[in-house]
Amino acid sequence: MGLPPPAGPVSARGARSSATGNPPFVSDKSSNSQWGGRYAEGPSAVMQAINASIGFDRKMWRQDIRGSLAHAAMLAHVGIISGDDEAAIRAGLESIAGEIERGEFPFSEALEDIHMNVEARLTERIGEAGKRLHTGRSRNDQVALDVRLWVRDAIDGLDAQIADCMRALVERAAEHAGTVMPGFTHLQPAQPTTLGHHLLAYTEMLSRDRGRLRDARVRMNESPLGAAALCGTGFPIDRHMTAAALGFDGPTRNSLDSVASRDYAIEFLAACAICATHLSRLAEELVIWTSPYFGFVRLSDAYTTGSSIMPQKRNPDAAELVRAKTGRIAGALVGLLTVMKGLPLTYGKDMQEDKEGLFDAAASLSLALAATAGMVRDLQPDVARLREAAGAGFSTATDLADWLVRELKLPFRDAHHVTGKLVAAAERRGLDLSGLSLEELRAEEPRIHDGVYGVLSVEASVASRTSFGGTAPANVAEAAALWTEQLRDTGENPA
Ligand code: ARG
């Protein structure tokens, strides 16, 4: 966007947010009613446009009101405000919540942010008592609190969504524990595996993503409220009381750190970026697998689009977009790291730039998780095609080498060499390894006997890989059953 219009009441941010059904910003030429005591004039239009965050931080209105309710209850409890004032503040904030919910709240860009919008409205509605709410508090600890509460809520929502995505993967893995398919390294056929084993690999990744978000939640679960501007306050506030009321484990220990730090948001974004990276890999595989050149799986009309010009097309747009969303999520992480880098203590307005990336990353990951769970439930594997592909590319060559070691006691390096010669022979003749005659096999190693054919099929190959965590269908079925159990009801991680 270019420079904002010089005088118009609705800024670009306002225009964008008014599309949500909220009334446009109220234009205000006077100085800010919340801090304008020493100011004679209002800000320039550009100043207002660069300074205001209400266009995006209004998303935190629930957290802001929750925080204010806890703060007011504490102020009354310790006798800083009267019980009557607290009751008036509570009723006022509750009716403001209703206004915002109904889209009737008069958001004002001149009032900068969600904190001052709510507070000014409160005073407008209840008078004197509203002006007492900000005692022993600053916007610096208020915003630190709101962002923490918002991130915590986002973690809880994403945690449930990751669990659902894992359930989708486990359901399909149980169904396809024995469905053989090619396993790849370098995207070259490597060894046969099963579709169930492949899907459970993503279940493991998502389980660690959940763990990372939960770890971040534990670390961030301390309340900065009461750190005030930066040094704490002389009022006899009870930070333990507000911390407990807001579900925190306790108050943060250093007031400077409380208003200066956003590492919990960075950590959250890092966990989101890693999770999105995992989803992007599955999405990329769906793009590859649904290509007719692979033809491994089909996605239904529900998760694909047609082309306006090419009637035969069935494009995996949802998978492509999941793959692409990773860019903006990782971008939000790098963006916030860059905002925070080298920032002197304590609060700087720079930190207002934490929010848009944070909100966008959480919403993007939420959508990517929903789309992934949907596609996983939707996909229809072509079992015959997967079986055929699993046998291509001499995928059981390792099984042959292992057989030479086991049965003929060849050192593995020699077995590898002999097998390489046999692969070359089969390739020359346009055959699979199992297509070579005993005579042809013996040309490279005379002691080979017909027992070798028992390990050259893909079914024998996967069934033999029973080592812990291996691809054998029996292992996969057992792992899927464990996950099903662990993800039942509680949604708890196995660990
Ligand atoms: N809108 C601000 C932010 O998001 C709130 C804190 C403002 N504090 C201040 N001293 N100007 O960071």
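You'll find the structure just up there.
Cut-off values and rules
- Residues numbered from 1 in each chain as written.
- Predicted model: local features only at pLDDT ≥ 70, side-chain atom pairs only at ≥ 80, totals over all residues.
- Heavy atoms only, no water.
- Helix = DSSP H or I, 4+ residues; strand = E, 2+ residues; numbered from the N terminus.
- Contact = heavy atoms within 4.5 Å.
- Near = heavy atom within 4 Å.
- Polar contact = N/O pair within 3.5 Å; in protein donor to acceptor, adjacent residues only side chain to side chain.
- Areas by Shrake-Rupley, 256 points an atom, 1.4 Å probe, with all protein chains shown as cover.
- Buried < 20%, exposed > 50% of the residue type's maximum accessible area, 1.4 Å probe, protein only.

Student: Explanation requested: the side chain of Glu 285 in the structure shown.
Tutor: Tracing the backbone through its elements, the reader meets Glu 285 in helix α12 (residues 263-290). Those residues in contact with Glu 285 that lie beyond four places of it in its chain are His 198 and Tyr 202.

Student: Honestly, the site of the ligand in this entry has me stumped. Any pointers?
Tutor: Close contacts around the ligand come from Ser 53, Asp 57, Asp 113, His 115, Arg 139, Asn 140, Val 143, Tyr 347, Gln 352 and Lys 355, and that covers them all. In this structure, a nitrogen atom belonging to the ligand sits 3.4 Å away from a side-chain N or O atom of Arg 139. Separating an oxygen atom of the ligand from a side-chain N or O atom of Lys 355 is a distance of 2.5 Å. Contact with the protein chains covers 86% of the free accessible surface of the ligand, which is 350 Å².

Student: Whenever I open this one, unusual backbone geometry confuses me. Can you help?
Tutor: Peptide bonds are trans in most cases, and residues, glycine excluded, mostly fall at negative phi. In the segment running from Leu 345 into Thr 346, the intervening peptide bond is cis, with an omega of 0 degrees. Secondary-structure assignment places Thr 346 in the loop between α13 (317-340) and α14 (355-378). The backbone of Glu 112 sits at a positive phi, close to 65 degrees, despite the residue not being glycine. As for its placement among the helices and strands, Glu 112 is situated in the loop between α5 (83-101) and α6 (114-126). Classification of Glu 112 as buried rests on a relative accessible area of 5%. Even without glycine at this site, Lys 409 takes up a positive phi of about 60 degrees. Residue placement: Lys 409 occurs in the loop between α16 (397-408) and α17 (412-429).

Read these as geometric descriptors, not functional statements.
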